[in-house]
Every structure is written in C-alpha cells, then in structure tokens.
Amino acid sequence: MSLIVKDVSKQFGNNVVISNYSMEVAPGEITVILGESGSGKTTILRMINHLEEVDKGSISIDDTYLVKDGEYQDNQSIKDYQYKIGLVFQDYQLFPNLSVTENLLLAPLSNKFADKAVLEERAASLLEQMGVGDKGDSKPSQLSGGQKQRVAIARAMMMNPSLLCFDEPTSALDEKTVGKIAELITQLSNQGIMILIITHDNELVKLLGDARVIRTTEFIK
Ligand SMILES: Nc1ncnc2c1ncn2[C@@H]1O[C@H](COP(=O)(O)OP(=O)(O)OP(=O)(O)O)[C@@H](O)[C@H]1O
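Conventions used here
Residues numbered from 1 in each chain as written. Predicted model: local features only at pLDDT ≥ 70, side-chain atom pairs only at ≥ 80, totals over all residues. Heavy atoms only, no water. Core = buried A, V, L, I, M, F, W, Y, C linked by side-chain atoms within 4.5 Å. Buried < 20%, exposed > 50% of the residue type's maximum accessible area, 1.4 Å probe, protein only. Helix = DSSP H or I, 4+ residues; strand = E, 2+ residues; numbered from the N terminus. Domains from an automatic or database assignment. Contact = heavy atoms within 4.5 Å. UniProt positions renumbered as here; feature names shortened; annotations may be inferred. Near = heavy atom within 4 Å. Polar contact = N/O pair within 3.5 Å; in protein donor to acceptor, adjacent residues only side chain to side chain. Areas by Shrake-Rupley, 256 points an atom, 1.4 Å probe, with all protein chains shown as cover. Nonpolar A, V, L, I, M, F, W, Y, C, P; charged D, E, K, R; others polar.

(A) Main features of the nonpolar core. Core analysis: the largest hydrophobic core is formed by 39 residues, its most contacted members being Ile153, Leu164, Ile195, Ile197 and Leu208. Mapped by element, the contributors of at least two residues to this core are β3 (30-34), α3 (100-110), α4 (116-129), α5 (145-157), β8 (163-167), α6 (175-190), β9 (194-199) and α7 (202-207). Two domains each put at least three residues into this core: domain 1 (1-84 + 164-221) and domain 2 (98-160). Sequence-distant contacts of Ile153, that is, excluding residues within four places in its chain, are made with Val88, Met130, Leu164, Phe166, Leu184 and Leu188. Grouped together as the second largest cluster of nonpolar side chains are 29 residues, Val17, Met47, Leu163 and Met194 included.

In structure tokens form, the structure reads like this:
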C-alpha cells in the first residue's frame, strides 16, 4: 500500500528536469518535496496526478499502475489509479458558482461513487472534521483563504483517497493559518492516508515535525 515512483525521467526540450528518479510514499507517512522555484516540484506532482506524461519509468499505487516502464495503462487502470488520489490545488480551484457542499458532491456524484444521501452525509462529516461544518451553504467567495483550503481538502477527501497531494498548501496563508493547516495534515496522516506535499516553505516543514523531506536536488544525479 504505497505510492511508488520508479526510474522516472522527464525533460522539456533539452531541459532535463528529472532523471531516473525513484521515490516511495507509505501510508501514515508525510513526504515533503522541498526545492527552489523551477527545480521540478510541480512537474513531479503533475506526473503523479496524470496531468503531465513521464518520458520513461513507472508510477503506481497499491499495485495499480498509471504507467509501467513508460507505457500508459488502459483507461480503466488509469481511472482506478486516479480514484486513489486526492489533489488540493495551490489556488484551491473551487467552483465559484456552487455552494461548498455542491463543490464536494460534484465529482463523486458524476462518477456515481455512491448514493447522493451517502455522499451528503460524508460531505457534512468531512466539513465538520475540517472545522468548516457550518459553511456547507456558503459560496467560496464568502470564505477566508484558510477556510477555502479546508474546503479544498474536504473535497479531495470525498472519494476516500489513499494518497492526498498538496500543491504549495501554504503559499497564500498567514502564519497562524499555516499552523492550523499543518495540524490538519498531521491529523489526516494519523488516519493512515499517504500525504505528499510540494513546497518551498521551510516553516511548514518544521511544523510538520517528523515529515520525510525529499530535496529536488535529488531529481538529477
Ligand atoms: N510545460 C512545460 N514546457 C516547458 N518547460 C517546462 C514546462 N513545465 C515546466 N517546465 C520547466 O521545467 C522546470 C521545472 O519546472 P517546475 O514547474 O516543475 O518547477 P517548480 O519547482 O514547481 O517551480 P515553482 O516553485 O516556481 O512552481 C523549469 O525549468 C520549467 O521552466
């Protein structure tokens, strides 16, 4: 039960960003990819989330492959793989015209993940766990940055992912809110969810305590 990235390479033109790189994230483990701007953090996160293709290598979760030795798998395997991942975007990407609850329900309903009543119950309980239980009827524009982040995490958790990915989770937040988000991430990790964070924020890394830190300098040997 792990995310396994094996011998992955990626270059844009002559710009080699990642070369024969391997890493693993285990359940209950927080892995932080830390590095300067332009060092490949977004690229690896996008490859793991199937938003960018690898040039070579393999990526799998719990033995479900996205890509094996450079070969992308059939649509069903890719779908099964994607169901195992929740992604929290840097700018949250909440739908502005939908309420908070509708934002949480949209993807699982359209994927027929479960009955509406079950999903509504799950949405309410996740919003509660994230500390925004009273915001279900609000529109994203009525929320603070920290509240939007909490809603984005709840939305990413709706399909019960094994791996939760965060793209620069603290870039838009003040210091106090960063502490609260670090606490939430730790809480999710303690539930056994694999956590992968890309960031350049050393303060966040300190707040996450025993997180495993990977530096992007390891991407190219
Ligand atoms: N679609 C693309 N086409 C060409 N080059 C790209 C593309 N995406 C990324 N790059 C290049 O790959 C390198 C790594 O970029 P990446 O966005 O992964 O870095 P990053 O560490 O996430 O940076 P930041 O913290 O600024 O977001 C950079 O040199 C960038 O210019």
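(B) How the structure looks around the UniProt feature "domain: ABC transporter" (unreviewed entry) in the protein. Mapped onto this structure's residue numbering, the UniProt feature "domain: ABC transporter" (unreviewed entry) falls at residues 3-220. Helix makes up 35% of residues 3-220 and strand 27%, whereas the separation of the span's terminal C-alpha atoms amounts to 20 Å.

(C) Region of interest: the site of the ligand. In the region of the ligand, the neighbouring residues are Phe12, Asn15, Val17, Glu36, Ser37, Gly38, Ser39, Gly40, Lys41, Thr42, Thr43 and Glu168. One of the side-chain nitrogen or oxygen atoms of Ser37 is found 2.6 Å away from an oxygen atom of the ligand. Contact with the protein chains covers 57% of the free accessible surface of the ligand, which is 630 Å². Taken together, the elements giving at least two residues each to the shell around the ligand come down to β2 (15-25) and α1 (41-48). No other element matches α1, which puts 3 residues into the shell around the ligand. Its residues placed into classes, the shell around the ligand shows 2 nonpolar, 7 polar and 3 charged.

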